Each structure stands twice: as structure tokens, then as C-alpha cells.
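Secondary and tertiary structure notes
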Amino acid sequence: MGMALDELLAQRGLRASDRAVLRELIEGVWWSTRTAAEALSTSSEVVARAVERAAGSPAAVPLALYIRLVCEAAWDLTWDHFPLLSLLSTAERAWLLTPPSAGSEEHIALQTMLALRDELTLESAGSTGDLAAMVEAAADLSTSLAALASMAGVVPTSGVATHLATMLDDRLHYAEAVGLAARTASHALAGEGRDVGEAAAALAQLRAAEEFFAPTDAGEASDHASLSEIRAHRAAIESVLAAADRDWLRIDDGMVVCLFPFGLRHAEQTQIVEAVKRHAASWSLGGKHLGNRPTSLLLIDDCWRGDDPLQRRYDGTQLDLPDLQLPDLGQQPTTARVTVLISQLGNHCLRVEIPLESAMPHEVAARVWAAAPEYGHLGELGRPLRFAGGGGPAAAWPRLAAFAKDVLDDLTAALATTDLGPVALSWRPGMFHVVTTVRQASVLPGGRAEDASTLEDARAIAGLFGAQPLCHPLPSGWGSVAPWARYQVPHGTTLHCAGLTDDVVLVTENHTLLASFTSADYMVATVAQAVEFVVSLEGMFAAWQDELSDFYLGLRPHLHRLDAADDEDPDLDDLQRILSDLQRRQLRLRQFLTSARVNLLFIAAPALVTSPVMRRTVSDLLELSTVWRQRAEFTDNAGQALTDRVTDLIESWSRRKEEKLERRNRLLVNTLLAVLAGIGISGLLSMVQDGFAVTGWGSATLVALVLVVAALVGVISYRSEVGRRERQRAKVPGGRRGASE
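The structure contained in this document is the topic of the report that follows. Only a predicted model underlies this, so the values are computations on that prediction, with no experimental measurement involved.

**Remarks on the layout of surface pockets**
Roughly 1400 Å³ of volume is contained in the largest pocket. Forming the walls of the largest pocket are 49 residues, and the residues nearest its centre are Asp76, Arg171, Asp223, Ala225 and Ser226. Listed by contribution, the elements that provide at least two residues to the lining of the largest pocket are helix H4 (60-75), helix H7 (116-126), helix H9 (159-189), helix H10 (196-213) and helix H11 (224-242).

Spelled out as C-alpha cells, the structure:
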């Protein structure tokens, strides 16, 4: 925050602590989900107080522009719009208490600040891959910015008015360039706008927009963020236009399956399966009652009914949720089937199946991209995800990742109401995988539908324009109107599955393509089940990692309590409580690790499936899984947890407990012996006095002699005990702290 604004707010009576918070907003992480929610709440409260003080004063315009700048700085680092929109809404509500007059500098500055919401909406539209939505959002933004620029042009000339006019002109150029790019890409991908002159004119306008945001010879600062985005749009359009003479891919019949693997932390996964079977019919997931009973078994084919002598197998139950209503995308189907698979092995999965019909490349890319947590906010576009038959939360869901979170949170909460005891969810939005199955496709010369011919060989897919979304992993963001058009494909590993002679199984980090035009559907479905099984293992490993992390974190309070214990004379009761808790935790970890190793052995065993050929397919898929390749590291870490710190702590402090008990018992015995010795000496003195008639100084001398002897015996006994304890300590290098470090 500039010194001028700080001074103006100070003159308006805004306290120094609030001004300090405002200054830190530009550099802080108040917007980050990694920080506590209080950070956003505090920032909003301070902004509200600042607006209330500044409204109607000379501080209003710089404050409005500063709030916009703060949100822009956060926007550079986050795709989550909620904190930004929340801060803008807070400022808007506070300004309503003292609204500026229409057409004033303050009014224009306020609306310029709020226009950032339309820019965020444009980004959300672009991040859905829906070019029609992007064209509409860009048009809305251009209209609002043009109106503000017109108002800024008639206010009295001043430094502030000039700055506002320049800013609005810059943002208007940006909005118009993005709108042009979206329209050009939409026409090109739909087979329209192939006129060379029109395409050249559009590209020339985009290059002019890039020049507009480039630094000038006069040394004026550039807007490199806008320049780079427009450049990316232009490069994508050039790639699409360059494919005018290539054969294009159209998927006539297929499906996109978005998988969200998750784990449920509980000692017995079979008990979770049984609890779901007994109780789930009355549950509400995603705010909607299931309305049906869970299946008695997982709906998978007999290939998974392996012959295991211990009766283990990949099985469980399945929950069918109501269909999900998707946003419109050309002529594509808009309902998706939703199921939750609960496995007795612990590899659970939420599955969203989206059909594809006569899907062009950009439509396929948009559907595949839907599983990503960076997918655009559909709520900002006014068409959030909902259940097809109604129901669910009033605000619905902004993206599939948010839908998955709500369903899985509800599932975990429902399980907590059963007699299972504590159940914890292990999941994060980045845990997803997309499996696209192509059953029928066409080749479109130059993208022309009227010249379409049936694609006979699935192996030819990778050479067609439009195969990029299917043959490349999903990136961490959507960078242009058609980022997929510039992918280098195929990017991944092609798997050979015996029995699928001419078919394609292409595996990448977060996407798998199954394309088959000559095999029976049930043969392809078996391979698809193998892919989904391997993907779901990430949920199982996530639960295991969380369990191991929880164990290590649970050691901290014990270490602090042990460090606080008295080195020389620890309290036995407190020591016993600590040791008992550690032993319980160690036993729980041992049981957990044993169960995990048994699962790993079974997953790698031939008995998992009935067919040796399918066993080979599953093994090949496992070797391509990053999570599976880390299993050895996981088991090593878990095994080390059993043998290092906890064992040392228990052994060290158990030994100290025994020493304390031994000292207590020895003290008791010594006391009893001293008493008995005292009684014996008293009797002996009495006999001497009576037999020799010792009196006076003689009696005193005898008593003194006895006391001297007792003192010598006590000193010798004490030094002997100290020496014994020192020798015992020397046997354990570093003492207690050495064992616990």
C-alpha cells in the first residue's frame, strides 16, 4: 500500500493495526487454502473497516484500485477464485453504506475494481474448455469495460481519471483479444471459418494485441501476463488452422470415466464393506438419498473371482447415486452415471461415467479435462453441476472435484454413525485419473463432417488431429483456447494386452486410452476393470501413508512428556501411562503393517485373478503406476518405525521403571534391616549395661561407638549403590536422552 493511501486512511481515522494488515495484503498469502480461514476473515474485516472510513473521501479511489491490485497479485498464484470474490464482495457491501454518485471518479474506480469478477468468470469459462462459454464471457466483459471507459472519458481531467482511463483501455484490449481468439478457435474447430483471408485477419489482430501489451521504446512498462496469454491463444489457433489439410478424429461412440480413488482409515476394511451393505440404503450422499440398496458384490466380471486358499479376492459393494447433470457442450449428452465402489482391500473409488457421441476434438478435451481440480468454476458461469432429478445442495457444485469431496465427506460421516468406531477419509483433489474408451470413431478429412469415413484401425488414432487429449496426460492448467492442439503425441506407454490384437491401451500419468474396434465389448471391459483397479490403489496407499504419518506425529507428545520427566526420579505412575500408550500404538502399527503387507502380497499374487493372461495385464499396469512403484519404500519406512524410535523408547524407559522399582524395594529392605539392627543393638547394649554395670560416661561411649559404626556402614552402602548405578548407566551410551533422540 502506497504511502499516500496510508496517510489518507490515517487521516480518516483508520487505526494503525488495520493499515498494517492492508499493507501486508499485497505480499501475504491471505488467499491460500494452506493458511487458516481466519486469515481471509481478518483481511475481509479490515477491508470493510477501511472502506467505511474511506468512502466519499479522497482515499476512496486509491483504496478501490489497491483492493483490485491485491486480488490481481493473488490471482497470479491461485486458481481458486473464492477468496478473491469474497474480498471483492466484502468491499462492495461496505461501499453500499455510502454509495458514490454515478459517473464520479469514485464510482468508476469502484466499478473497475468489481470488473475483476468478470475477468475471473472469463478465466473460469476458458478453464472448462467450452469455447462457446468463453465467447459469451469475453463479450460480457468487453461490454462492461467499454461502458466504464466511456464514463472515464467524460470526467474532469485529472491524474486519477487518466490512470483509470488507461487501465480500462488495457483491460478492454485484453477482453476483445481473448474474445476474438475464442471465436476464431470455435469456428475453426467446428469446420467453419476456413476462409484464409478471415483467418489471417484474426491472427493479425492477435499479433497487434500482443504488440499493444509489449514494452515500448519509450520505456513504458509492459503487461507481460496479458501478452503471454494472447500469444498462447494465437499459437493454439495456428496449430488448429495448420491441421486444415490433416485427417481429424471424431469419437462417435465412447465414454470418459473420471475416477477419484480414496482411502478409509480403519483397522478392518471388510467391516466397512459390511457396514455399507447394512446401512447405506438410508444414507444421503451429496445431499441426495440413494433410493436403492447397495449391491451384494462389486459389479465386476468373473475374472476377479480368483482361487485364493484364504478366500481373499477383490470384492466389496457398490453404491449407485442419481445421475449428475453436466453443463451443455455442443450436442454431447449431459448426464453422467455416478457410482461409489467400496472394496474389502481398501482401494475405494468414486466413479463418474460420461458418454461421448459424435464428439469433436475440443469436446473430447473438455470432457476429459472435467476431472481436474483446476477445471473452471461452473457456478461463476451460472450452470453448476446438479443431480439430474433435482436435490443436493442449493449452490450445487462448481466442478467434479468439489462434487467428489462432498460425496466422500458425506460417506465418511455416515460411516461414523455406525458401530465401526472412528473412520477417517484419505483423499485430496489431485487424486484422480481419467479412462477414455473409444468404441467407434470416424476420420474427417480436414475436419469436414460431410466427408467422414469409419475408422477401422484403432492403432491409427495417434496420427489423427484431435487425438491429443487422448494420448497425453492432463496438465496442471488450461493455458489457451485449445492447448491440446499443440501437444506432442503419443505421450505415454502403449500396453500390449493378449487377446486385444488390434486395440490400443495407452497409459499416461493421469489418463488411459482404451480404443477397440475389433474386439467384443466384454473383452475391453475386463481390461478397463484392470485399469480402474490399479488406479484405485492410490486411495489405499493414501490411507496407509496417513496412518503412518499419524503414528509418527503421535510420538511428539510422548517425547515431550519423557523429556519433561525427572531424569533421576521419574514418577512411576506417569511413566507407566506413557509406556502403556506407546505399547498400544506400537501394537496397532504392527497390526496395520501386517495387514498392509498381506494386501500387497495378494495384489501381486496369481490368485488375484483367474486368468494368467489377465494377471500379466494387471502386473504390467502396476509397473506403470507411480504409487505401486513406491510400495517398497513404504514398507521399509513402516518397518523402520517398528524397530527404531519406539522400541528404543520402550526398552529404555522400561529399564528405568525396573530400576526405580528395584531402588524402592532395596530402600524398604534396608530400612527393615536398619530397624532390626537397631533393635538388636539396643538389646545388646542393655545386656552389656546390666552385666557389667556400665553407667554414665561408659554408656555414652558405647552409644557413640554404635553410631559411628552405623554411619560408616551407611556411607559404604551409599557409595556402593551409586557406583552400581553408574556402571549400569555406562552400559547405555547417551543415557535416556541418547535412546530417545
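Resuming the write-up.
**Notes on the packing of H4 against H9**
Two quantities define a packed helix pair, namely the angle between the helix axes and the distance between the axes. In the contact formed by H4 and H9, the axes pass within 12 Å of each other and the chain directions differ by 25°. Classified by the angle their axes make, H4 and H9 are roughly parallel. The chirality of how H4 crosses H9 is left-handed. Where H4 approaches H9, its residues Val61, Leu65 and Arg68 are matched on the opposing element by Val160, His163, Leu164, Met167 and Arg171.

**What to know about the side chain of Arg399**
Its place among the elements puts Arg399 in the loop between strand E7 (386-387) and helix H14 (400-416). For Arg399, which is buried and forms no salt bridge, the nearest opposite charge comes from Asp80, at a distance of 5.6 Å. In this view, Arg399 contacts Trp79, Ala372, Pro373, Tyr375, Gly376, His377 and Leu385; residues no more than four positions away in its chain are not counted.

**Here we look at the packing of H9 against H11**
At a minimum axis distance of 10 Å, the contact between H9 and H11 shows a crossing angle of 15°. Here H9 is positioned roughly parallel relative to H11, judged by the angle of their axes. Remark: the crossing between H9 and H11 carries left-handed chirality. Side by side, H9 and H11 meet where Arg171, Tyr174, Ala177, Val178, Ala181, Thr184, Ala185, Ala188 and Leu189 of the first sit next to Ser226, Glu229, Ile230, His233, Ile237, Val240 and Leu241 of the second. When grouped by side-chain class, the residues that make up the contact of H9 with H11 number eleven nonpolar, three polar and two charged.

**Brief notes about the pattern of salt bridges**
Considering all chains together, one arrives at 28 salt bridges under this definition. The shortest N-O distance in the salt bridge between Asp315 and Arg305 comes to 3.3 Å. With Asp315 in the loop between strand E3 (288-289) and strand E4 (316-325) and Arg305 in the loop between E3 and E4, the pair connects residues that are ten residues apart, well separated along the chain. With its nearest N and O atoms 3.4 Å apart, the salt bridge here joins Glu538 to Arg428. Here Glu538, found in helix H15 (residues 521-564), pairs with Arg428, found in the loop between strand E8 (424-426) and strand E9 (433-445); they are 110 residues apart in sequence, far enough to count as distant. Given a relative accessible area of 44%, Arg428 falls into the partly exposed group. Among the charged side chains, a salt-bridge network with shared partners connects Arg68, Glu72, Glu119, Arg171 and Asp223.

Rules used in this analysis
Residues numbered from 1 in each chain as written. Predicted model: local features only at pLDDT ≥ 70, side-chain atom pairs only at ≥ 80, totals over all residues. Heavy atoms only, no water. 1 Å grid on protein atoms, 1.4 Å probe; cavity = no way out; pocket = protein on both sides within 12 Å on 5 of 7 lines; lining within 4 Å. Points joined across faces, edges and corners; volume = space filled by probe spheres on them. Helix = DSSP H or I, 4+ residues; strand = E, 2+ residues; numbered from the N terminus. Axes fitted to C-alpha atoms, helices over the stretch in contact; angles between N-to-C directions. Parallel < 35°, antiparallel > 145°, perpendicular 65-115°, else oblique. Left-handed = near helix turned anticlockwise from the far one by under 90°. Contact = heavy atoms within 4.5 Å. Buried < 20%, exposed > 50% of the residue type's maximum accessible area, 1.4 Å probe, protein only. Lys, Arg positive; Asp, Glu negative; His and termini not counted. Salt bridge = Lys/Arg side-chain N within 4 Å of Asp/Glu carboxyl O. Nonpolar A, V, L, I, M, F, W, Y, C, P; charged D, E, K, R; others polar.

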